Amino acid sequence: MSKQKDLRFLVYLAKIAYPRHNSYCFIIYMIVNYCDILKQQQIFTLRGVSSEFLNNFVGGTVLDIDNTIVANDNVEQTCIKYVVVKDTTRKVNLITKKFDTKFVALLSYNLLYNLKGAITCSFKNCQGNLQFADEVELSLVNSACEWSHFAVDCCLKNFFDVPKLLHHGDLISISLKEYGKEVFYQTNKIANIDQTLHFKCNKIFYSGANVDGGYLCSKKTTVKQATNIQSFVPNLENSLPSALDTYLADLRRAVFPFMKQKKNKFLPVFLLEGRRGSGKSLLVKCLASTQGMHLYTISNFDVTATTYAQNETKLRNSFFAAKMAAPSILQIKNFENFGKNNEGQYDERLISYFTTEVKTLFESNSFPLILICCSSDKNIPIELKRTFLKTFEIKAPNDQEREKILNWILKSQDVTTDIDMSEIANKTHGFLFEDLQTLVHYAMTDFTNEKKSAERCVVSQDYFFRALDLMQSNYSESLGAPRVPQVKWSDVGGLTEVKEEIIKTIKLPLKHSELLKTTGLKRSGILLYGPPGTGKTLIAKAVATECGLCFLSVKGPELLNMYVGQSEQNVREVFEKARDASPCIIFFDELDSLAPNRGASGDSGGVMDRVVSQLLAEMDGLNQTGTVFIIGATNRPDLIDPALLRPGRFDKLLYVGPCIDRDSKIAVLTALTRKFTLENDSLIAEAVDLCPENFSGADFYGVCSSAWMAAVRRFVKTLEEGKNDRNSATASDVIVTLDDFKLAIKTIKPSIRQEDLEYYNKLKSDFK
């Protein structure tokens with residue numbers, strides 16, 4: 001009843017106030033105004049985005065994007081409004097636009113920084129018009145680049161060609177590419193420096209008085225430049241793939257204690273290790289942008305000179321520039337070569353001076369300063385390693401991480417594909433971050449050459465496979481992941497027992513790895529021994545293809561080097577590449593030349609003994625960081641050091657001998673002639689009966705090759721005589737007959753003698 005009385009009273013008042021209008025219109029008008037007030041008092045969550053994204057989002061019509069907030073369209077749009085943040089008011093340009101997330105306001109990182117870390121805001125109408133300031137005083141924020149007066153004047157002049165809204169204490173970010181084109185296209189090293197100039201607004205004068213802000217500044221306003229200052233810059237959120245984001249989180253946790261003004265007895269000096277292309281520079285750049293710090297990057301070659309005094313001067317000048325640019329991160333690239341003289345040897349004076357200068361680098365700094373050294377090699381002198389507080393090692397990504405990196409690269413480049421990237425990731429063992437970027441670049445280049453008129457990229461699987469073949473053929477050595485040989489089990493005739501034993505040893509741990517993790521017991525080594533030409537190398541290639549593993553083929557003698565310690569280093573690098581490309585197979589061919597009996601080699605320097613010891617040490621710690629299998633092949637297992645043949649290293653010793661029974665020989669010949677056009681189906685069995693008993697797999701290969709060439713010569717003769725059409729001739733028209741095999745068998749001499757068979761049978765019984 002009381003509500004009805006209130007409603008009647010409102011209708012009565014409306015009749016008195018507006019006698020010519022309907023009384024209920026006044027009530028509707030009051031309700032609409034009340035809802036508008038509620039909307040304006042809504043709390044919006046602030047979300048920072050880049051200025052480029054914000055400008056594109058609103059259609060590129062906003063001239064002062066760093067003083068603009070885009071809110072959802074449930075707010076009544078007014079050109080200039082107050083934004084209320086923490087009980088303070090600030091004039092901004094409000095634009096309403098419909099997007100999915102409600103009660104979220106988008107603004108540039110620069111404006112978010114000027115709002116002093118605010119999280120939420122609300123809006124209300126602005127009363128009165130904006131006024132133009134008479135004079136503005138700005139201070140340039142020190143950075144790693146020393147800008148000329150001409151560059152600063154050009155940027156300020158072009159920036160204030162359009163009126164900009166200023167407040168006292170604001171940080172102004174001016175893009176050199178957008179507002180300093182006169183300088184941008186004349187600077188040679190523009191890619192290596194920060195392309196943004198930052199200014200701090202110290203004072204704003206209007207009608208002779210120093211005001212707080214909310215005034216426009218245009219080309220008619222007097223702009224004065226005060227002394228340069230040191231200051232943080234807006235934090236930028238950079239998205240990284242999860243494989244690198246983990247390292248970035250570790251770096252941020254390590255840097256966080258040094259961001260405060262309190263003195264710390266430890267020095268913020270860190271070492272970042274990783275192979276070239278692993279993303280070290282990208283990590284440091286993202287760390288600087290997320291912390292709002294300047295990035296000052298130098299290379300080892302920038303502080304290297306021909307004389308010792310010049311080295312000191314260059315290093316001292318670089319450290320001084322980093323201190324002036326604080327808060328900053330000083331990055332030294334190619335640190336593995338630091339301290340080396342012209343002869344390539346480490347100079348103790350340079351190392352000592354560096355350690356002394358680092359201590360003075362962090363003295364009397366009012367802003368934080370971080371030193372990060374990036375190295376592509378772990379071989380750094382211990383005197384230098386003692387300087388670092390912590391070392392971060394960037395490892396090669398595994399299959400899942402490579403898949404996420406590929407998806408992140410495609411998303412960042414606005415590329416859509418209809419394939420599952422896990423298949424591509426499984427074929428890129430050992431690829432690093434920049435290698436995957438290059439892979440996508442090659443695929444996109446191949447795509448654009450064929451689909452120039454396509455508006456949106458939809459890349460198929462064939463483009464990636466062609467790009468992968470190109471990269472593996474060009475960079476196989478640098479990537480440490482040579483192309484997996486396409487050898488199937490069908491290419492290997494006979495040897496059924498050897499195949500089954502290898503599948504048990506290698507395929508079972510891959511398919512059921514979760515069952516073997518708890519015990520920690522793994523079988524990883526297989527030694528294939530037997531006469532030459534029986535298919536030992538062919539079996540290893542077939543294992544890599546059938547199991548889908550990376551394949552590293554190593555000939556024993558190619559690891560040996562004349563320099564002291566280099567042979568052991570080559571062995572370490574092979575196992576390091578294999579662990580990075582896990583799961584992987586290392587195939588050591590001619591193992592007896594690499595690991596002979598220690599003490600019996602006869603070399604005065606003991607080189608082979610050290611190589612064998614290094615090989616044993618690497619095999620003991622084989623599966624600590626990855627799944628690596630070793631397959632060795634040798635013709636003389638009795639010459640190999642006995643320590644390699646114990647369980648835990650080469651667990652299985654498999655004899656690979658020549659085919660003795662008739663069925664195995666038929667299987668070998670069938671595998672070799674599966675692409676031939678034979679005269680009849682019984683030809684293979686008849687050819688096997690004509691072959692000697694001690695024929696090996698290599699001998700059968702020679703027979704098939706000779707028989708094929710004899711058939712080709714006969715077919716070419718028919719073409720020359722005009723009996724067949726030359727234009728329509730194909731390889732399938734070449735028919736191999738029994739006479740071709742008879743001729744080939746007469747020309748092939750068995751490579752295994754009867755004495756050799758007796759010797760290997762004795763070895764087989766001894767090792768068994």
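Structure shown above.
These remarks concern the structure in this document. Chains are numbered independently. Their residues run from 1 in the order of the written sequence. Restriction of local features to residues with pLDDT of at least 70 applies here, the model being predicted, together with a cutoff of 80 or more for giving and counting side-chain atom pairs; totals for whole chains, interfaces and linings are based on all residues. The side-chain quantities take in all heavy atoms of the structure and omit both hydrogens and water.

Turning our eyes to something else, we now look at the overall build of the protein chain. For the purposes of this entry, the term helix denotes a DSSP run of H or I that reaches at least four residues, the term strand denotes a run of E that reaches at least two, and both are numbered from the N terminus. If you tally the helices and strands in the protein chain, you get 27 helices and 27 strands. Throughout, exposure labels follow a simple rule: accessible area from a 1.4 Å probe, protein chains only, divided by the maximum for the residue type, with under 20% read as buried, over 50% as exposed, and the rest as partly exposed. Among the 768 residues that make up the protein chain, the fraction classed as buried is 45%. In this analysis, two residues are considered to be in contact whenever any of their non-hydrogen atoms come within 4.5 Å of each other. For the protein chain, restricting intrachain contacts to residue pairs at least 6 apart in sequence, the fraction spanning at least 24 positions comes to 80%. The Shrake-Rupley method, run with a 1.4 Å probe sphere, supplies the accessible areas, and residue values consider only the shown protein chains as cover. Carbon and sulfur atoms make up 51% of the accessible area of the protein chain, which totals about 40700 Å².

Okay, the sheet that holds strand β22 (residues 550-555) next. DSSP calls a pair of strands paired once it identifies at least 2 bridges connecting them. One open sheet accounts for 5 strands, arranged β22-β23-β24-β21-β25; its pairing is parallel. Edge positions in the sheet fall to β22 and β25 (652-655), since each has one partner strand and no second. Adjacent strand axes in the sheet meet at a mean angle of 20°, parallel and antiparallel pairs treated alike. The pairing of strand β21 (residues 525-529) with β25 spans 4 bridges and is parallel. The partner of I526 across the bridge, within β25, is K652. All axes are obtained by fitting lines to C-alpha atoms, using only the stretch in contact for helices, and the reported angles, taken between N-to-C directions, cover 0 to 180 degrees.

All of the buried residues in helix α23 (residues 662-672) are S664, K665, V668, L669 and A671. In an axial view of α23, the angular spread of the buried residues amounts to 160°, which keeps them on one side of the axis. Structurally, α23 contributes buried residues whose contacts are with α24 (683-690) and α25 (697-720). The arc refers to the directions leading from the helix axis to the C-beta atoms.

Here the focus is the pattern of salt bridges. Any Lys or Arg side-chain nitrogen found within 4 Å of a carboxyl oxygen on Asp or Glu counts as a salt bridge. Scanning all chains against the criterion turns up 9 salt bridges. Its salt-bridge partner being R90, residue D170 comes within 2.5 Å of it at the nearest N-O pair. Remark: R90 occurs in strand β4 (residues 88-96) and D170 occurs in the loop between β8 (164-167) and β9 (171-175); sequence separation between them is 80 residues. Of the residues examined, D170 reaches a relative accessible area of 4% and is grouped as buried. By relative accessible area, R90 is classed as buried at 8%.

Pairing of aromatic rings covers Phe, Tyr and Trp, the last counted by its six-membered ring, and requires centre-to-centre distances within 6.5 Å; plane angles under 30 degrees mean stacked, over 60 mean edge-to-face, and any other angle means tilted. Following the criterion strictly, the structure yields 16 aromatic pairs and no others. Arranged with centres 5.2 Å apart and planes meeting at 10°, the rings of F335 and F338 form a pair that is stacked. The same class applies to F335 and to F338, which are both buried. Seen from the ring of F159, K164 lies directly overhead, with NZ or CZ sitting 4.6 Å from the centre. Two conditions define a charge located above a ring, namely a distance within 6 Å from the ring centre to NZ of Lys or CZ of Arg, and an angle within 35 degrees of the ring normal.

Once that is clear, we can look at the packing of α23 against α25. In the contact formed by α23 and α25, the axes pass within 10 Å of each other and the chain directions differ by 45°. Comparing the axis directions of α23 and α25 gives the class oblique. For α23 against α25, the interelement crossing comes out right-handed. Within the contact between the two elements, α23 uses K665, V668, L669 and L672 and α25 uses G697, F700, Y701 and C704. Of the residues in the contact of α23 with α25, the class split is 6 nonpolar, 1 polar and 1 charged. Relative orientations are named as follows: roughly parallel for angles under 35 degrees, roughly antiparallel for angles over 145 degrees, roughly perpendicular for angles from 65 to 115 degrees, and oblique for any other angle. Note on convention: near helix rotated counterclockwise from far helix by under a right angle means a left-handed crossing. Clockwise means right-handed. Throughout, the ten residues Ala, Val, Leu, Ile, Met, Phe, Trp, Tyr, Cys and Pro are labelled nonpolar, Asp, Glu, Lys and Arg are labelled charged, and all others, Gly among them, are labelled polar.

Our focus in this paragraph is α25. Here α25 is 24 residues long and its end C-alpha atoms lie 35 Å apart, about the 34 Å a rise of 1.5 Å per residue gives. Of all the positions in α25, only D699, F700, G702, V703, C704, A707, A710, A711, F715, T718 and L719 are classed as buried. Elements that come into contact with the buried residues of α25 comprise α23, β27 (735-736) and α26 (738-747). A positive backbone phi angle near 85° is found at G722, which sits one or two residues after α25. Expected span of a helix, by definition, is 1.5 Å for each gap between consecutive residues, and there is one gap fewer than residues.

Let's shift gears to the side chain of Q291. Turning to its location among the elements, Q291 is positioned in helix α9 (residues 280-291). A relative accessible area of 16% means that Q291 is categorised as buried.

Side-chain atoms within 4.5 Å are what join buried Ala, Val, Leu, Ile, Met, Phe, Trp, Tyr and Cys residues into a set we call a nonpolar core. Core analysis: the biggest nonpolar cluster contains 45 residues, and F270, I329, I370, I372, L439 and F464 have the highest contact counts within it. Listing elements by their share of this core, those giving two or more residues are α8 (242-255), β14 (269-273), α9, β17 (369-375), α13 (399-412), α14 (421-426), α15 (433-450) and α16 (461-479). Counting residues per element, this core draws most heavily on α15, which supplies 7 residues. In contact with I372, other than residues within four places in its own chain, are F270, L272, V284, L287, I329, L330, Q331 and I332. Core analysis: the next-biggest nonpolar cluster, separate from the first, contains 27 residues, F588, L591, A595 and F650 among them.

To continue, consider the pairing of β14. Here β14 lies mainly inside the structure; 5 of its 5 residues are buried. Along β14, one buried face is formed by V269, L271 and E273 and the opposite face, lined by F270 and L272, is buried too. Relative to β17, β14 is paired through 5 bridges, and the arrangement is parallel. Note on β17: the bridge partner recorded for L271 is C373. Note: β14 against strand β18 (residues 390-393), 4 bridges, orientation parallel. Pairing of F270 across the sheet is with K390, part of β18.

Moving on: the sheet that holds β18. Spatial ordering of the open sheet is given by β15-β16-β17-β14-β18, a layout of 5 strands whose pairing is parallel. Looking at which strands have only one partner, the edges of the open sheet turn out to be β15 (294-299) and β18. Strand-to-strand twist across the sheet, computed as the mean angle between neighbouring axes with direction ignored, equals 20°. Strands in contact with α8 are β14, β17 and β18; relative to β18, the strand with the most contacts, it is inclined by about 170°.

Once that is clear, we can look at the environment of N142. Relative to the helices and strands, N142 resides in the loop between β7 (135-141) and α5 (149-159). Separated by 88 residues in the primary sequence, N142 and Q230 have C-alpha atoms spaced 5.5 Å apart. The contact partners of N142, leaving out residues within four places of it in the chain, are N228, I229, Q230, H294, M324 and A325. We define a polar contact as two N or O atoms separated by no more than 3.5 Å, with the added condition that, inside protein, one atom must be a possible hydrogen donor and the other a possible acceptor, whereas residues neighbouring each other in sequence contribute only through side-chain atom pairs. A distance of 3.3 Å separates polar atoms of two side chains, one belonging to N142 and the other to N228.

Turning our eyes to something else, we now look at unusual backbone geometry. Following A326, the chain continues into P327 via a peptide bond in cis, with omega recorded as 5°. In this structure, P327 sits in the loop between α10 (308-324) and β16 (328-333). A positive phi angle is found at S364, which is not glycine, with a value near 60°. In this fold, S364 is placed in the loop between α11 (348-361) and β17. With relative accessibility at 80%, the residue S364 sits in the exposed group.

Now for the state of the cysteines. Cysteine sulfur atoms that come within 2.5 Å of each other are treated as a disulfide pair. For the structure shown, the criterion picks out 0 disulfides. In this model C217 remains outside any disulfide bridge; the closest cysteine sulfur is found in C201, 8.1 Å from its own.

Turning our eyes to something else, we now look at the environment of L757. Along the chain, L757 falls in helix α27 (residues 754-767). A sequence separation of 63 residues divides L757 from N694, and the C-alpha atoms of the two residues are 8.3 Å apart. With near-sequence residues (within four places) excluded, L757 lies in contact with P658, N694 and I752.

Purely spatial values, then, with no claim about function.
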